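Overview (structure and organization)
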Amino acid sequence: MANVAVVGSQWGDEGKGKVVDWLSQRADVVVRFQGGHNAGHTLVIDGEIYTLSLLPSGVVRRNKLSIIGNGVVVDPWALLDEINALQKRGVKLSPDNLKLAENAVLILPFHGYIDRAREEASGEAKIGTTGRGIGPAYEDKVARRAIRVCDLADSVCLVERVEQLLFHHNAVLRGLKAEEIDGKALMASLEELAPKILPYADRVWERLDAARRNGKHILFEGAQGAMLDVDHGTYPFVTSSNTVAGQASIGAGMASDCVDYVLGITKAYTTRVGSGPFPTELDNEISQGLGERGREFGTVTGRPRRCGWFDAVMVRQAVKVCGIHGIALTKLDVLDGMENLKICTGYHLNGKNMNYLPSAISAQAGVEPVYKTLEGWTDSTRGARSWADLPATAVKYVRHIEKLIEAPVALLSTSPEREDMILERDPFSD
Ligand code: IMP
């Protein structure tokens, strides 16, 4: 397979960073295609922890081209901070090996402000966003008033773009009797930023096309998860981008057949950070144990993640909407030592059986999970590197998941460390 897309099959935090980093040894180019610095990808390399938000998880490896595609919303200040922090740790990063799509939309400081103010005003109804301005920036993009990376290169055009953008936002702020955005100050900060960001700006679609024609391997790195997709997720408790695999081509600027293999990263149980329906959520000592052993705290916000049993209905749906060919099952070791394990195999709603997650908010909130109970295991699976290292009941649990979600396990990750992995099928092989 020439090109592989990695997407989350649940509500994000499935462990994409480690898998992308591992796969990137076989890739020539790693591309982010949606989301922004709401993502938090953690890599553990020889005991050292790297947390990436905007940069593709391939940046830590040498001789790879990293690309931030047009589908990403880019906070340029956050990007420069992340680049600086990695450079200080000895990671080689420069405009030679990092390219930023010139048609990507910028997240500006007031986007974060609007995001947080809205959340605060929403009280109980809040979405639980990361507060990074992701939603407001995507809103400006589809409303055709956003500022893009390429606009920084032309100060005359930039003045016009800022005026158009603030014409809208200041009208809203005036209506709310809130302080208006100072256009001159915004212009000054963008002009100061331009020479630092523009060296990274590029026609990434052209570079990706050349890479494809030259037989290079491209790895598309998704952020968040299928259930946070703005169309297919638990709307409105979703992020503001398409997180499914179909977005890889649009968000990178490639043809729709650019992905040969879709790998769905899937946690061996379920977690969610932020508000919204979660049918298999637990609020007892089991969820507490999962949270503690799995270190389930948001990478970006530090919020504790909600935890629950594996939901095969939801993951099966993600397999269908993303066209997942195989999954990378992660964090199996967090289940070590549990006497029994439950898997959600269907839902009940108003006396009816369902084998899908309905779209309506009230139905999503009302479904009752139907469980199958499986025997757990006492031995440790942590760090296992072959199927023979796993207890028989752990293998049975994995096989059960494969059958229910209708997708095979390609990789099994058994600890946060880079090499702790059981490889069943290399997504890059034919
Ligand atoms: P936003 O993307 O900041 O607008 O947040 C919208 C929803 O997506 C909230 O429930 C967030 O907690 C969730 N979310 C955003 N990014 C991530 C992520 O990287 N992992 C898990 N959840 C995320």
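Residues numbered from 1 in each chain as written. Predicted model: local features only at pLDDT ≥ 70, side-chain atom pairs only at ≥ 80, totals over all residues. Heavy atoms only, no water.

Moving on, we get to the overall build of the protein chain. Along its length, the protein chain carries 12 helices and 20 strands. Its C-alpha radius of gyration of 22 Å places the protein chain within 12% of the 22 Å reference for a compact globule of 430 residues. With the principal axes as the frame, the protein chain shows a C-alpha extent of 65 × 50 × 35 Å. For the protein chain, with 430 residues in total, the buried portion stands at 57%. (Helix = DSSP H or I, 4+ residues; strand = E, 2+ residues; numbered from the N terminus. Rg over C-alpha atoms; globule rule 2.2 N^0.38 Å. Buried < 20%, exposed > 50% of the residue type's maximum accessible area, 1.4 Å probe, protein only.)

What follows deals with the pattern of salt bridges. Summed over all chains, the structure comprises 24 salt bridges. The residue R305 makes a salt bridge to E296 at a minimum N-O spacing of 2.7 Å. By relative accessible area, which is 11% here, R305 ends up buried. E296 is the partner of K331 in a salt bridge, and the nearest nitrogen-oxygen pair spans 2.9 Å. With K331 in the loop between β15 (326–330) and β16 (340–349) and E296 in the loop between α9 (285–293) and β13 (306–308), this residue pair connects regions lying 35 residues apart in the sequence. Classification of E296 by relative accessible area gives buried; the value is 1%. A network of salt bridges, in which partner residues are shared, links D13, K267, E296, R305 and K331. (Salt bridge = Lys/Arg side-chain N within 4 Å of Asp/Glu carboxyl O.)

All right, on to the site of the ligand then. Of all residues adjacent to the ligand, which total 16 residues, the nearest are D13, N38, T130, T239 and V273. At a separation of 2.9 Å, an oxygen atom of the ligand approaches a polar side-chain atom of N38. Here G128 contributes a backbone N or O atom positioned 3.3 Å from an oxygen atom of the ligand. Burial of the ligand by the protein amounts to 97% of the accessible area it has alone, namely 470 Å². Of the residues contributing to the shell around the ligand, the split by class is six nonpolar, eight polar and two charged. (Near = heavy atom within 4 Å. Polar contact = N/O pair within 3.5 Å; in protein donor to acceptor, adjacent residues only side chain to side chain. Areas by Shrake-Rupley, 256 points an atom, 1.4 Å probe, with all protein chains shown as cover. Nonpolar A, V, L, I, M, F, W, Y, C, P; charged D, E, K, R; others polar.)

Moving on: the sheet that holds strand β11 (residues 261–267). Taken in spatial order, the 10 strands line up as β9-β7-β5-β2-β10-β1-β11-β15-β19-β20 in an open sheet, and their pairing is mixed. Edge positions in the open sheet fall to β9 (201–202) and β20 (421–423), since each of these has one partner strand only. With four bridges connecting them, strand β2 (residues 29–32) and strand β10 (residues 218–221) associate as parallel partners. Paired with V29 across the strands is I218, a residue of β10. Contacting β1 (3–8), β2, β10, β11, β15, β19 (409–413) and β20, helix α1 (residues 16–23) runs over the sheet at an angle of about 170 degrees to β1. (Pairing = 2+ DSSP bridges. Contact = heavy atoms within 4.5 Å. Axes fitted to C-alpha atoms, helices over the stretch in contact; angles between N-to-C directions.)

Attention shifts here to the pairing of β19. Along β19, five of the five residues are buried, which leaves the element largely enclosed by surrounding structure. In this structure, β15 lies alongside β19, joined through three bridges in parallel fashion. Bridging from a neighbouring strand, I327 pairs with V409 of β19. Bridge count for β19 against β20 is three bridges, and the pairing is antiparallel. By the bridge assignment, L411 is partnered in β20 with L423.

Moving on to the side chain of Q224. Along the chain, Q224 turns up in the loop between β10 and α8 (247–252). At 3.1 Å, the side chain of Q224 and the side chain of N38 are in polar contact.

Formed by 109 residues in total, the largest nonpolar core has its most connected members in L190, F220, L332, L335 and Y397. The biggest single contributor to this core is helix α10 (residues 312–322), with seven residues. Lining this core are residues from two domains, each supplying at least three of them: domain 1 (4–94 + 204–423) and domain 2 (105–200). Apart from the residues lying within four places of it in its own chain, the contact partners of L335 are A268, Y269, L290, L341, W377 and Y397. Counting residues in each nonpolar core, the second largest holds 17 residues, with L23, L263, I265 and A328 among its members. (Core = buried A, V, L, I, M, F, W, Y, C linked by side-chain atoms within 4.5 Å. Domains from an automatic or database assignment.)

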